[in-house]
Amino acid sequence: MKLPKKYGDLTVQQYQQVKVILDSEDDVIERHVKLIACLSGKTCEFVEKHTPKQIAEWAAKLDFLNTPEFKSTFAKRVFINHTWYMPIIGNEEFTAGALVTLKHLEKQDPTKSLNQALACIYVPMNWMGKPKPYNAGLHNKIAEDMLHAKLDDVVPFLEFKKKVLEASSPIMNTYLEEAMMMIAETMSWLEKETQMELKHS
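Let us look at the nonpolar core. Judged by nonpolar contacts, the single largest core of 46 residues is most densely connected at L39, L62, L65, Y122, M146 and L151. Not counting residues within four places of it along the chain, the set of residues in contact with L65 comprises Y7, L10, V18, L35 and L39.

Structure (structure tokens):
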């Protein structure tokens, strides 16, 4: 049975599923069955057909789950689901939409929302190899693609970005506040315009 050999080999989706299994109150054998099924692509029914000894041997190969380790450097671009993606390195390249979404995600479970956060900081590349600007309309599609990203490809950049964002948090907070005010003002203006149109119709 083919199983990942290290933490970084897990996809974002597998990581999310593994976290749920490890945090569950299932007994050890049940957790082992679910982990093996999740990381091998097999069903729990398939794994359960094997002996406890065989399941224990497979589970032993997953001992790396207790000590997460990743690459120390991040890739400048990653190929996910037939698309090349590039991380937004400079904070000045962030759009207000991406920052507002990231701020909203801070209130959610970081594991469950990992692919959503990645969709804010990874953008598709055009045919010339240049990053496209963040597009809120493509957010869900990119978040879906990010489920297939290998942890080794994206976690090192997340760690880097986290340090950069923390170092510039006062600037970021000001930028976010201004962005939120601008969005609120635009929504208010649109609401007034709609009401005016309804009065004159």
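A few words on helix α2 (residues 28-40). Given a rise of 1.5 Å per residue, 13 residues ought to cover 18 Å, and the 18 Å separating the end C-alpha atoms of α2 matches this to within 8%. Within α2 the residues assigned to the buried category are V33, L35, I36, A37, C38, L39 and S40. Those residues of α2 hidden inside the fold are in contact with α1 (12-22), α3 (44-48) and α4 (52-60).

Our next topic: the state of the cysteines. Counted under the stated rule, the structure contains 0 disulfides. The cysteine C38 is free of any disulfide, with C44 supplying the nearest cysteine sulfur at 9.0 Å. With relative accessibility at 16%, the residue C38 sits in the buried group.

With that settled, consider the pattern of salt bridges. Taken as a whole and judged by the stated rule, the model has 6 salt bridges. The salt bridge involving D145 is made with K141; its shortest N-O contact spans 2.7 Å. With D145 and K141 both in helix α7 (residues 139-146), this residue pair falls 4 residues apart, about one helical turn. Here K141 falls in the partly exposed class, since its relative accessible area comes to 43%. Residues joined by salt bridges that share partners form a network here, namely K6, D9 and D152.

What follows covers the side chain of T83. Secondary-structure assignment places T83 in strand β2 (residues 83-87). When neighbours within four sequence positions are excluded, T83 is seen to be in contact with V78, P124, K141 and D145.

Strand order in the open sheet formed by 3 strands is β1-β2-β3, with antiparallel pairing between adjacent strands. Across the chains shown, the open sheet's two edge strands, defined by having one partner strand only, are β1 (78-80) and β3 (122-124). Taking each pair of neighbouring strands and ignoring which way they run, the sheet shows an average axis angle of 40°. On the sheet, helix α6 (residues 114-121) packs against β2 and β3 and is oriented at approximately 60° with respect to β3. Those strands touched by α7 are β1, β2 and β3, and its axis lies near 100° from that of β2.

We now examine unusual backbone geometry. Its identity as a non-glycine residue notwithstanding, N81 has a phi of 50°, on the positive side. The exposure class of N81 is partly exposed, given its relative accessible area of 39%.

This part takes up the environment of G41. Note on placement: G41 falls in the loop between α2 and α3. Placed 27 residues apart in sequence, G41 and Q14 show a C-alpha to C-alpha distance of 9.9 Å.

Turning our eyes to something else, we now look at the environment of K19. With respect to the helices, strands and loops of the structure, K19 is situated in helix α1. It is 7.7 Å that separates the C-alpha atoms of K19 and T111, two residues lying 92 residues apart in sequence.

What follows concerns the packing of aromatic side chains. One pass over the structure, following the stated rule, counts 2 aromatic pairs. A ring pair is formed by F79 and W84, whose centres lie 5.0 Å apart and whose planes are at 50°; its orientation type is tilted. On the basis of relative accessible area, F79 is assigned to the partly exposed category, the value being 48%. Residue classification places W84 among the partly exposed positions, given a relative accessible area of 37%. Residue placement shows R77 over the ring face of W84; its charged tip is 4.1 Å from the ring centre.

Turning to the packing of α1 against α2, a few remarks are in order. Interaxial distance between α1 and α2 falls to 10 Å at its minimum, and their mutual angle equals 175°. Accordingly, the angle class assigned to the pair α1 and α2 is roughly antiparallel. Seen from α1, the contacting residues are Q14, Q17, V18, I21 and L22; seen from α2, they are R31, K34, L35, C38 and L39. For the contact of α1 with α2, the class distribution of residues is 6 nonpolar, 2 polar and 2 charged.

Calculation rules
Residues numbered from 1 in each chain as written. Predicted model: local features only at pLDDT ≥ 70, side-chain atom pairs only at ≥ 80, totals over all residues. Heavy atoms only, no water. Core = buried A, V, L, I, M, F, W, Y, C linked by side-chain atoms within 4.5 Å. Buried < 20%, exposed > 50% of the residue type's maximum accessible area, 1.4 Å probe, protein only. Contact = heavy atoms within 4.5 Å. Helix = DSSP H or I, 4+ residues; strand = E, 2+ residues; numbered from the N terminus. Expected span 1.5 Å × (residues − 1). Disulfide = S-S within 2.5 Å. Salt bridge = Lys/Arg side-chain N within 4 Å of Asp/Glu carboxyl O. Pairing = 2+ DSSP bridges. Axes fitted to C-alpha atoms, helices over the stretch in contact; angles between N-to-C directions. Phe/Tyr/Trp six-rings, centres within 6.5 Å; stacked < 30°, edge-to-face > 60°. Lys NZ or Arg CZ within 6 Å of the ring centre and 35° of its normal. Parallel < 35°, antiparallel > 145°, perpendicular 65-115°, else oblique. Nonpolar A, V, L, I, M, F, W, Y, C, P; charged D, E, K, R; others polar.

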